[in-house]
Amino acid sequence: MPNEEMKVLVIEDEESFITALKVGLTREGFTVEVQSDGAEALNTFKTFNPDIVLLDLMLPNRSGVDICRDIREIAKTPIIMVTAKSEEIDTVLGLEVGADDYISKPYRLHELIARMRAQLRRANWGDEPVATYQVEKTTIGDITIDPNRHEVFKGDTQITLPLKEFELLLLLMRNAGQVLTRGILIDHIWGVDYYGDMKTLDVHIRRIRAKIETDPSNPKRILTIRGLGYKYADA
Ligand code: CA
């Protein structure tokens, strides 16, 4: 997901925000389209067909609240509502306009992007079933993981894993045979609000492999599914 080009529609009339967003979001790999006229927002939405919308509340010719409702009538596209004052969020929330998240100005770009990524992951992977609740131990081949005791064994040898590595291995083993996308793994282990180096996942996988694989450079247990994520071999 993070490598795929995402389209963001910025509905905003303040020149300083438009400029900063264009630069910042483009640098993050987004394709950015801007519409400053509230009355034109829905048309631009239809023609640009964005993956996510940043919607300012106060706009000329049509309010953000009305535009949000317009979009919701035709699409489920994630909408992040931008307000000039944090107090307005309560008002907007009370109107139940159907936005997915709210942020107030001034905001930090990295916080906005974290929220955008969270919404994009939810929109794209939120419906995939993943087994996360577990009480019983799981054994596949000679690897056993026991969430109650927080123990991992390779044969008779106990392996020590830090918490995140343990949770990651548990999630993979509980879903053995299924490809878990990078988005799903990051959401479940680091939380949907995680914004950081996407290489963190790969670093954790590498560390687990070093401990459970016979030959970590030629893994037979945790398999890389190129362009998607990882899969624990079910046999
Ligand atoms: Ca405005």
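Up top is the structure.
Residues numbered from 1 in each chain as written. Predicted model: local features only at pLDDT ≥ 70, side-chain atom pairs only at ≥ 80, totals over all residues. Heavy atoms only, no water.

Visitor: So what's going on with the pattern of salt bridges? Residues and values would help.
Guide: Inspection of every chain in the model, using the stated rule, returns 12 salt bridges. The residue E12 makes a salt bridge to K105 at a minimum N-O spacing of 3.2 Å. Placement of E12 in the loop between β1 (6-11) and α1 (15-27) and of K105 in the loop between β5 (101-104) and α5 (109-125) is noted, with a sequence separation of 93 residues between them. Judged on exposure class, the residue E12 and its partner K105 are both buried. With a shortest N-O distance of 3.0 Å, E28 and R117 are connected by a salt bridge. Linking E28 in the loop between α1 and β2 (30-35) with R117 in helix α5, this pair joins segments that are 89 residues apart in sequence. Judged by its relative accessible area of 13%, R117 falls in the buried class. By sharing partners, the salt bridges in this structure join E12, E14, D56 and K105 into a single network. (Salt bridge = Lys/Arg side-chain N within 4 Å of Asp/Glu carboxyl O. Helix = DSSP H or I, 4+ residues; strand = E, 2+ residues; numbered from the N terminus. Buried < 20%, exposed > 50% of the residue type's maximum accessible area, 1.4 Å probe, protein only.)

Visitor: Residues and numbers for the packing of helix α7 (residues 182-190) against helix α8 (residues 199-212), please.
Guide: For the pair α7 and α8, the least separation of the axes is 10 Å and the interaxial angle reads 80 degrees. Of the possible angle classes, the one that applies to α7 and α8 is roughly perpendicular. Here R182, L185, I186 and W190 of α7 lie close against α8, whose contacting residues are T200, L201, D202 and H204. Residue composition of the contact of α7 with α8, grouped by class: 4 nonpolar, 2 polar and 2 charged. (Axes fitted to C-alpha atoms, helices over the stretch in contact; angles between N-to-C directions. Parallel < 35°, antiparallel > 145°, perpendicular 65-115°, else oblique. Contact = heavy atoms within 4.5 Å. Nonpolar A, V, L, I, M, F, W, Y, C, P; charged D, E, K, R; others polar.)

Visitor: Which residues make up the coordination of the calcium ion, and what are the values?
Guide: Of the protein atoms, only D13 (OD), D56 (OD) and M58 (O) coordinate the calcium ion, at distances of 2.1 to 2.3 Å. Donor residues for the calcium ion sit on one chain with the sequence pattern D-x42-D-x1-M. Taken together, the residues span a long stretch of sequence, with D13 in the loop between β1 and α1 and M58 in the loop between β3 (52-56) and α3 (64-74) at a distance of 45 residues. Classification of M58 by relative accessible area gives exposed; the value is 55%. (Donors = N, O, S within 2.8 Å, 3.2 Å for Na, K, Ca; no water.)

Visitor: Can you lay out the packing of helix α6 (residues 163-174) against α7 for me, pointing to particular residues and giving the numbers?
Guide: Between α6 and α7, the shortest axis-to-axis distance is 10 Å and the interhelical angle comes to 130 degrees. Taken together, the axes of α6 and α7 lie oblique to each other. Remark: the crossing between α6 and α7 carries right-handed chirality. Residues K164, E167, L168, L171 and L172 of α6 lie in contact with α7, whose contacting residues are L185, H188, I189 and W190. Per-class residue counts for the contact of α6 with α7 are 6 nonpolar, 1 polar and 2 charged. (Left-handed = near helix turned anticlockwise from the far one by under 90°.)

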